[in-house]
Structure formats: C-alpha cells, structure tokens
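# Fold and geometry: a report
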Amino acid sequence: MPTENKLAAPLQVERSTVTKLVITGAPNLDPITVFLEDLAPCKGNITVSCWGKSWTAYWGGMWDGLSIGQFFCKLNTAYIIGYFDQAMRPRQFSGEALAREAQRLVLKERRQFCYGANEARERFDEAEDLRDSPTIEYLHGAHSELMTKLFGDEWWHLTNDATEPNPDYAYLERIIHAVQQALGQEQQQVAA
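Cut-off values and rules
- Residues numbered from 1 in each chain as written.
- Predicted model: local features only at pLDDT ≥ 70, side-chain atom pairs only at ≥ 80, totals over all residues.
- Heavy atoms only, no water.
- Core = buried A, V, L, I, M, F, W, Y, C linked by side-chain atoms within 4.5 Å.
- Buried < 20%, exposed > 50% of the residue type's maximum accessible area, 1.4 Å probe, protein only.
- Helix = DSSP H or I, 4+ residues; strand = E, 2+ residues; numbered from the N terminus.
- Arc of directions from axis to C-beta.
- Contact = heavy atoms within 4.5 Å.
- Pairing = 2+ DSSP bridges.
- Axes fitted to C-alpha atoms, helices over the stretch in contact; angles between N-to-C directions.
- Polar contact = N/O pair within 3.5 Å; in protein donor to acceptor, adjacent residues only side chain to side chain.
- Phe/Tyr/Trp six-rings, centres within 6.5 Å; stacked < 30°, edge-to-face > 60°.
- Salt bridge = Lys/Arg side-chain N within 4 Å of Asp/Glu carboxyl O.

## What about the nonpolar core?
Core analysis: the biggest nonpolar cluster contains 30 residues, and I32, I46 and F84 have the highest contact counts within it. Contributing elements (two or more residues each) for this core: strand 1 (18-23), strand 2 (32-40), strand 3 (43-50), strand 4 (53-59), helix 1 (68-74), helix 2 (77-84) and helix 7 (167-191). The element that contributes the greatest number of residues to this core is helix 7, accounting for eight residues. Core analysis: the second largest hydrophobic core is formed by 18 residues, F93, L98, L105 and L139 among them.

In structure tokens, the structure reads:
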C-alpha cells in the first residue's frame, strides 16, 4: 500500500480545451482521430492517430493569429513528418535494389572483359544473395566479403542508390493530407 507524504505540496492541475476530430471517408485509410490543443497564443499541440499508430507535435512559435489547426494546414507535409518522426525518410534501403545494382554492375564489367564467363556467372549468382538484406548494417556482417568483391573496399558509399520508396512515409503523407483537407473543410464551415 502506497504511503502518503503529508508534507508534499498539492499537485497543480490545469485545464485546457482540446478539440477532437474523427475523420472518416479518406480513401484507403482507417478512421483518423485528431486532437488539437491551442495552449496559448502562438503555441499549440496536435496528435494524429490512425490504425493504432499515433504522431504528435508541439509548436511553440506558430505564426501570429493562427490556431493549431490553421497552422497545421499551412505546413509542408515533409516538414510535418520531420516533426512527427525525425528518423523517417521518403526512401529506405532495399536489398532488392542492391541485388539489381550488383547484377547490373557484374554484367557491365563482363561486357568490358573484366571477368571471364564463369567468374561473371558466379558473381551474378552471388549478388542474388543480397536480395534478402534488410539493412546496410546487416551487409557488414553477412556479406562484407561479397560487397568488397563487387563494389570495392569502401562499398558502403556505393549503396546510396539501393533504395525504394518507404511505404510508411507514403502512408503518413496520405494521413497528413486527409487531416489537412478535413481541417480546411472545418475552417470553411466555421467561417461561413
């Protein structure tokens, strides 16, 4: 049983007004829940939830006279995603793309007579093993020798093009667009 500390100062509790929106009907998206909180002039917080995932952002320096909803609508999607998840990028590493690039390189070098037919076939087949690589870090342990054979000693610099569109980024982009559209519609209705 917890003990009470009779000497502790009473907890301070502040009330604020939060607007909750539930957005439905966005193509290929589950219902989206948005919590908007204007904390003070030029300060606000937004939380967006969809299908069990949530993203939140706080701005302490919004443009004068704008609510958090109005401010959110004026922002660029990439900027918002950077606030929601700093590690998320529009493109991500792809073992598929890396295997294609490695096989393309082997064929190019074969045409330039860098490899004989058997060596080219062997390297082309070995490059197929790269297809299931989940990250560049994985390659350091599992395929470092092969990567050095194919791309040289500093092969990790040559894997920047081994990417594909990040589906999580595209998904969050679609959610943000739906939220901005819904907030814009709501702002028009309030203004009318």
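Still to come is the rest of the account.
## Quick notes on helix 4 (residues 117-127)
A120, R123 and A127 are the residues of helix 4 that are buried. Buried residues along helix 4 cover an arc of 70° about the axis, so they all sit on one side. Where helix 4 is buried, its residues contact helix 3 (95-111) and helix 6 (144-151).

## Side note on the sheet that holds strand 1
Taken in spatial order, the four strands make up an open sheet running 1-2-3-4, and their pairing is antiparallel. A strand with exactly one partner marks an edge of an open sheet, and here the two such strands are strand 1 and strand 4. Adjacent strand axes in the sheet meet at a mean angle of 15°, parallel and antiparallel pairs treated alike. Relative to strand 4, strand 3 is paired through seven bridges, and the arrangement is antiparallel. Counted as the bridge partner of C50 is K53 from strand 4. Sheet contacts for helix 2: strand 3 and strand 4; angle to strand 4, the most-contacted strand, approximately 100°.

## Regarding the side chain of S94
Its place among the elements puts S94 in the loop between strand 5 (91-93) and helix 3. The class of S94 is buried, set by a relative accessible area of 3%. A distance of 3.3 Å separates a polar atom in the side chain of S94 from the backbone nitrogen of E96. If we skip the residues at most four places from it in the chain, S94 touches A162, T163 and E164.

## Overview of the packing of aromatic side chains
Tallied over the full model, the rule gives six aromatic pairs. Between W59 and F71, the ring centres sit 5.4 Å apart and the planes meet at 65°, which makes this aromatic pair edge-to-face. Of this pair, W59 sits in strand 4 while F71 sits in helix 1, placing them twelve residues apart in sequence. An identical accessibility class is assigned to W59 and F71; each is buried. For the pair Y79 and Y83, a centre-to-centre distance of 5.3 Å together with 50° between the ring planes defines the contact as tilted. On the criterion of helical spacing, the pair formed by Y79 and Y83 is a turn pair, its members being four residues apart in helix 2.

## So, the pattern of salt bridges
Oppositely charged side chains may form a pair once their charged atoms are brought near each other. Tallied over the full model, the rule gives six salt bridges. Close ionic contact of R131 with E96 constitutes a salt bridge, the shortest N to O distance being 2.9 Å. Of this pair, R131 sits in the loop between helix 4 and helix 5 (136-142) while E96 sits in helix 3, and the two are 35 residues apart along the sequence. Judged by relative accessible area, which is 18%, R131 ranks as buried. Take E96: its relative accessible area is 36%, and that puts it in the partly exposed class. For the salt bridge of R104 with E101, the shortest nitrogen-to-oxygen distance reads 2.6 Å. In this pair, R104 and E101 are both assigned in helix 3, three residues apart and thus about one turn of the helix distant.

## Observations concerning helix 6
Those residues of helix 6 that fall on the buried side of the exposure criterion are L146, M147, L150 and F151. With its buried residues spanning 105° around the axis, helix 6 presents them on a single face. Buried residues along helix 6 sit in contact with helix 3, helix 4 and helix 5.

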